[in-house]
2 protein chains.
Amino acid sequence: MILPPDPPSGFDWSSHNTYSVSLLHRHSEQRTDETLVQRHLDDPQRRLMMLFGDRVLVRSGRADFEGNAASALFQETDTQIFLGLDPEGRPWFAGEFRSEPELEPGEALVDLRSLARDAIVGSDSFGPLAQARATLFWHQRHRFCGVCGAPTVSIAAGYQRNCTGCGTQHFPRTDPVVIMLIQDGEDRVLLGRTPRFEAGMYTCLAGFMEPGETVEDAVRRETKEESGIDVGAVRYHASQPWPFPANLMLGCYGEAISTDIEVDKAEMDDCRWFSRDEVKAMLATTEVGKLHCPPRLAVARHLIEVWADLK
Amino acid sequence: MILPPDPPSGFDWSSHNTYSVSLLHRHSEQRTDETLVQRHLDDPQRRLMMLFGDRVLVRSGRADFEGNAASALFQETDTQIFLGLDPEGRPWFAGEFRSEPELEPGEALVDLRSLARDAIVGSDSFGPLAQARATLFWHQRHRFCGVCGAPTVSIAAGYQRNCTGCGTQHFPRTDPVVIMLIQDGEDRVLLGRTPRFEAGMYTCLAGFMEPGETVEDAVRRETKEESGIDVGAVRYHASQPWPFPANLMLGCYGEAISTDIEVDKAEMDDCRWFSRDEVKAMLATTEVGKLHCPPRLAVARHLIEVWADLK
């Protein structure tokens, strides 16, 4: 196996990814207890995060509000989802603004990607925000029943929607995506770019998993489709919640068993083999225009860094 | 690390799971080429699998039909999904009966689980059938748009539905589920049962992943919720498409860091620690009533077998 070795016992690569860490205990068993959820909503210590699409309300470096601030914000939303309890036992909720809010001085609506990249709020906030964004997005996309077209209503503290027509139950969805660093026998890795990337940025190939395939086969299929490269052995490395809007990134390493690249020009701008020295130089710069790798918030960078540090 | 070691280089545990193997190349790039898809539909060599919910039409030990048999069956369905091309270049499709079909002599409608457990058709059929079942189920659940309630129409050879009202695009969904064998420091594993299991069957704990969590945290959360056991290190082992109806099983090992079980009686009948000798005895029998493990079609059994063979 030419891939990086497994980490030491007990080491959890996934917990090193952005959006992966949350101090909240979800307490899913409490969601269907309406009395308890109402008590949490009435708790003066309750905290609230407010989103509008992929943007989050930030005030004084915080994305969570309590007391009077939370009370005012609760008026602005129809759907409150219960995120869980923090170590102090305080209940956390998230809500979606009904319409774009008018901002007061000191407030900003910041998209989740910038929030993480520029460390605008503390890193502990990203886990709860990923949970909030993915769940609120699901609500937006399931206001009507896909089976019969009738309106649905939110129950179970925001983790279920029931159809008012045929009664079908709907639950939050997570879309698994494979993202992979493919290495060949000459100590090179396969990186590509799409037209929407900033100039010079290359990263791991990735793609949505399809119904009826394994993680390993999805890695092989997507790599073949995008680059023409055949992949043999595949090894899972780490996962990451990716709230754009509701993905689960499954980070893997794979061994190439062919070397001739054929770029899928419908999806990719370019796709190439990079040597270890090239990759190390790319990791050392973030300058737009120069060849570089994605920022730390992406699991792709972690896959690349682990590989680059091998030797 | 007390968990089973990684397999030898290049060994793909996932490919040993039922529903994981398909000889078809999906050719996703062909789906949006309507002329090409029509040519595949008109190809006299095309093959068709027909489902009704979770049951599959079987005739003479086959779940795929070609020639006149396929032509007749194509009349019985509105939605044909393109599964891919087999090694001989023949296009495969799947369709859903509009209503429960009247069976002719020699025909049967067999549920996917029995089909696999009793080896009623060849093992190569299960990959395409998993792809078909998951995708056809998605069609049933997305006939109307969740954003606006208007009808949707199938395009892209059955891999996309577009809303006729607001234009929202909908894509097939796969629900990730963690399934885990938890081991403690005394060489025991944690197995549980729900009331719907046949008498005596115990298996790995499992649960749907939630928005905004890693695979590893989902293993810890679900184990804690169902058994009260705290889990430290988690290691991914293998994945399996699980077409009941559209799940992706993510099989993992985990190390228990507590031992006192508290069973979640709302979800589980029982949950216990089993010694290695007990597990070996359970693997050796399938007798209902006696303690036993799930059949080979479940990734749970593979997790247990790999662990049991360690010593």
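Nothing here was measured: the structure is a model prediction, and the numbers come from that model. (Residues numbered from 1 in each chain as written. Chains lettered and ligands numbered in written order. Predicted model: local features only at pLDDT ≥ 70, side-chain atom pairs only at ≥ 80, totals over all residues. Heavy atoms only, no water.)

### Focus: the overall build of chain A
Inference 1: Looking only at helices and strands, chain A has 7 helices and 15 strands in total.
Inference 2: Relative to a compact globule of 311 residues, whose C-alpha radius of gyration would be 19 Å, chain A shows 22 Å and is just as compact.
Inference 3: The C-alpha extent of chain A, read off along each of the three principal axes, is 60 × 45 × 40 Å.
Inference 4: The 311 residues of chain A split such that 59% are buried.
Inference 5: Restricting to contacts in chain A with at least 6 residues of sequence separation, those with at least 24 account for 64%. (Helix = DSSP H or I, 4+ residues; strand = E, 2+ residues; numbered from the N terminus. Rg over C-alpha atoms; globule rule 2.2 N^0.38 Å. Buried < 20%, exposed > 50% of the residue type's maximum accessible area, 1.4 Å probe, protein only. Contact = heavy atoms within 4.5 Å.)

### Describing the interface of chain A and chain B
Inference 1: With 55 residues of chain A in contact, the opposing surface of chain B contributes 55 residues.
Inference 2: Carbon and sulfur atoms make up 50% of the area that chain A and chain B hide from each other, which totals about 4,400 Å².
Inference 3: It is A:Arg26, A:Arg173 and A:Pro211 that lose the most area in chain A upon contact with chain B, and together they represent 15% of the buried surface on that side.
Inference 4: Here chain A is connected to chain B by 10 salt bridges.
Inference 5: Residues B:Arg31 and A:Glu210 are paired through a salt bridge, measuring 2.6 Å at the closest nitrogen-oxygen approach. (Buried area = accessible area lost by both parts, 1.4 Å probe. Salt bridge = Lys/Arg side-chain N within 4 Å of Asp/Glu carboxyl O.)

### Some details on the domain arrangement of chain A
All names here are of chain A.
Inference 1: Domains assigned within chain A are domain 1 (28-141) and domain 2 (174-308).
Inference 2: A straight line from the C-alpha centre of domain 1 to that of domain 2 covers 32 Å.
Inference 3: Of the roughly 700 Å² buried between domain 1 and domain 2 on both sides combined, carbon and sulfur atoms contribute 82%.
Inference 4: For the side of domain 1 that touches domain 2, the elements supplying multiple residues, two or more each, are α3 (112-117) and α4 (126-141).
Inference 5: Residue composition of the side of domain 1 that touches domain 2, by class: 5 nonpolar, no polar and 3 charged. (Domains from an automatic or database assignment. Nonpolar A, V, L, I, M, F, W, Y, C, P; charged D, E, K, R; others polar.)

### Quick notes on the side chain of B:Glu96
Residues and elements named next belong to chain B.
Inference 1: Assignment of secondary structure puts Glu96 in strand β5 (residues 91-96).
Inference 2: The charged side chain of Glu96 is buried without a salt bridge, its nearest counter-charge being Arg133 at 5.1 Å.
Inference 3: At 2.8 Å, the side chain of Glu96 and the backbone nitrogen of Gly53 are in polar contact.
Inference 4: For Glu96, the side chain forms a polar contact with the side chain of Gln140, separated by 2.7 Å.
Inference 5: Sequence-distant contacts of Glu96, that is, excluding residues within four places in its chain, are made with Met50, Leu51, Phe52, Gly53, Glu76, Thr77, Asp78, Thr79, Leu136 and Gln140. (Lys, Arg positive; Asp, Glu negative; His and termini not counted. Polar contact = N/O pair within 3.5 Å; in protein donor to acceptor, adjacent residues only side chain to side chain.)

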